[in-house]
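Coordinate inspection notes
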Amino acid sequence: MKTSRAELKMRARRSLLGNYGTMILAAIILAGISWAVSTVSQIGVMGGGAAGQVMDSLRSGDFSAAGVNINFSMNIPSYMYVILGLLGLISSWIIVLFAVGMNRMSLCVVREGRTEISQMFWAFKNRPARIILLQLLVYVLEFVSMVPVIVLSMAIVVSTAVSGADPNYEQLLFLILFLTGYVILIMIVYILIALNYGLVYYYMADHRDEGVFASLGKVHEMMKGNRMRYLVLQLSFIGWNLLSMLTLGIGSLWIMPYIRCTFAGFYLDLLPQAETIPPQWDGRTQNPWDGSAGF
Amino acid sequence: MVQQNRTMAMASMILGIASIVLSCCCCIGIIPAGLAIIFACLSRVEEHFTSQAKTGLITGIIGLVMAPILGLILIAMIGVNSGNVWY
């Protein structure tokens with residue numbers, strides 16, 4: 001069943017009527033948690049750096065730096081950067097778990113016409129390790145894609161350090177051309193990956209028992225023949241995002257649930273018909289997804 | 001459900017009108033204009049817009065166009081007037 005783009009959007013708008021409050025509250029909670037996690041980790045690192053400096057001063061007996069002239073930004077010990085990296089990793093895992101919870105909420109909205117804020121925490125209670133593993137895979141992919149750039153930059157730095165001369169014009173031009181070409185290549189690869197596996201977080205939010213690689217395989221199968229539809233659907237939201245920017249992000253409180261629900265609808269459209277209506281659906285109220293009368 | 005749809009269309013209309021009024025205040029009108037367009041579009045759950053949503057959409061677009069134009073005119077007038085001080 002291939003539903004048109006306009007119909008998918010219409011169904012998302014219908015489903016969201018009466019659910020905007022919950023979805024907006026979830027978005028505000030997610031934004032608040034993201035802000036709190038990043039702020040706490042930064043304060044922790046700054047505080048740790050300052051504490052380390054005070055301890056160093058106490059050991060050396062020079063109290064002037066400890067008491068008066070603590071430089072919070074410049075004297076952070078190197079191990080604190082490792083801690084900062086780990087905190088960043090953990091915070092990104094927390095945020096992705098919440099994002100999967102929001103996908104779950106969107107799926108509930110388009111399937112059942114209602115959702116609850118507790119669904120936001122669904123991913124924390126239902127095998128969070130597989131979502132964390134998927135996020136780890138994304139990081140590994142990003143790191144691997146950066147390896148050629150790191151190697152080339154280090155090669156130029158080492159060669160200039162050995163020769164003792166500044167990098168010449170040809171070297172810089174080669175580096176710029178290489179980086180430009182490489183960034184374009186990586187962008188194409190990322191777009192292809194997104195077109196093949198973009199719905200994996202919806203799939204994982206819908207299938208508790210599927211592992212990471214099984215989910216990736218299933219989503220890859222689902223996307224066959226639908227990649228162009230997915231791309232066009234993604235591009236069709238450019239105007240909405242521009243409107244969101246015009247309103248300084250206020251509009252995104254309504255637009256983001258709309259976009260999520262449209263993609264949830266697109267995901268449900270790709271599922272086999274037997275999986276579209278959940279078994280717990282009681283049939284007492286109108287299911288917005290079946291497209292029949294009632295709205 | 002219909003009530004919620006109407007509320008959104010009504011909000012769109014109010015924000016659209018507010019955007020035209022606020023477009024004189026140095027581009028502030030862009031924010032309600034954008035919100036008016038968003039609410040008008042999101043309130044469309046049938047084939048056609050309701051009359052309130054249509055009003056909100058039109059006034060929102062007018063506010064969106066007017067706000068930067070009036071902002072530029074305002075800046076130009078301030079520039080001309082401040083130039084007169086020096087001459």
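Read on for an overview of the structure. (Residues numbered from 1 in each chain as written. Chains lettered and ligands numbered in written order. Predicted model: local features only at pLDDT ≥ 70, side-chain atom pairs only at ≥ 80, totals over all residues.)

All right, on to the overall build of chain A then. A count of helices and strands for chain A gives 13 helices and zero strands. Secondary structure elements of chain A, listed N to C terminal, follow the sequence α-α-α-α-α-α-α-α-α-α-α-α-α. Classification of the 295 residues of chain A by burial places 25% in the buried group. Sequence separation of at least 24 residues holds for 70% of the intrachain contacts in chain A that already meet a minimum separation of 6. (Helix = DSSP H or I, 4+ residues; strand = E, 2+ residues; numbered from the N terminus. Buried ≥ 20, exposed ≤ 12 C-beta atoms within 10 Å, placed from the backbone. Contact = placed C-beta atoms within 7 Å.)

Turning to the overall build of chain B, a few remarks are in order. Of regular secondary structure, chain B possesses three helices and zero strands. For chain B, the sequential pattern of α-helices and β-strands runs α-α-α. Taking 12 Å as the expected radius of gyration for a compact globule of 87 residues, we find that chain B reaches 17 Å, considerably beyond that expectation. Its C-alpha atoms give chain B principal-axis dimensions of about 65 × 15 × 15 Å. Across the 87 residues of chain B, 46% fall into the buried class. Looking at chain B alone, contacts between residues at least 24 apart form 70% of all its contacts between residues at least 6 apart. (Rg over C-alpha atoms; globule rule 2.2 N^0.38 Å.)

Bringing the interface of chain B and chain A into the picture now. On the chain A side, the residues contacting the twelve residues of chain B number 15 residues. Sorting the residues of the side of chain B that touches chain A by element identifies helix H1 (2–22) and helix H2 (30–42) of chain B as the ones contributing at least two each. No other element matches H2(B), which puts seven residues into the side of chain B that touches chain A. Split by residue class, the side of chain B that touches chain A holds eight nonpolar, three polar and one charged. (Nonpolar A, V, L, I, M, F, W, Y, C, P; charged D, E, K, R; others polar.)

Here we take up helix H9 (residues 212–223) of chain A. Residues that lie three or four places apart on an α-helix share one face, since the helix turns once every 3.6 residues. Taking 1.5 Å per residue as the helical rise, H9(A) with its twelve residues ought to reach 16 Å, and the 16 Å between its terminal C-alpha atoms agrees with that figure. At the exit of H9(A) stands A:Gly225, carrying a positive phi of roughly 85 degrees. (Expected span 1.5 Å × (residues − 1).)

This next bit is on helix H11 (residues 238–246) of chain A. Buried within H11(A) are the following residues: A:Trp240, A:Leu243 and A:Ser244. Here the buried residues of H11(A) occupy an arc of 105 degrees about the axis, which is enough to place them on one side. Summarising the geometry of H11(A), the exposed residues directed more than 90 degrees from the buried face are A:Ile238, A:Gly239, A:Leu242 and A:Met245. The elements touched by buried residues of H11(A) are helix H12 (252–270) of chain A together with H2 of chain B. Following H11(A) by one or two positions, A:Leu248 has its phi on the positive side, about 60 degrees. (Arc of directions from axis to C-beta.)

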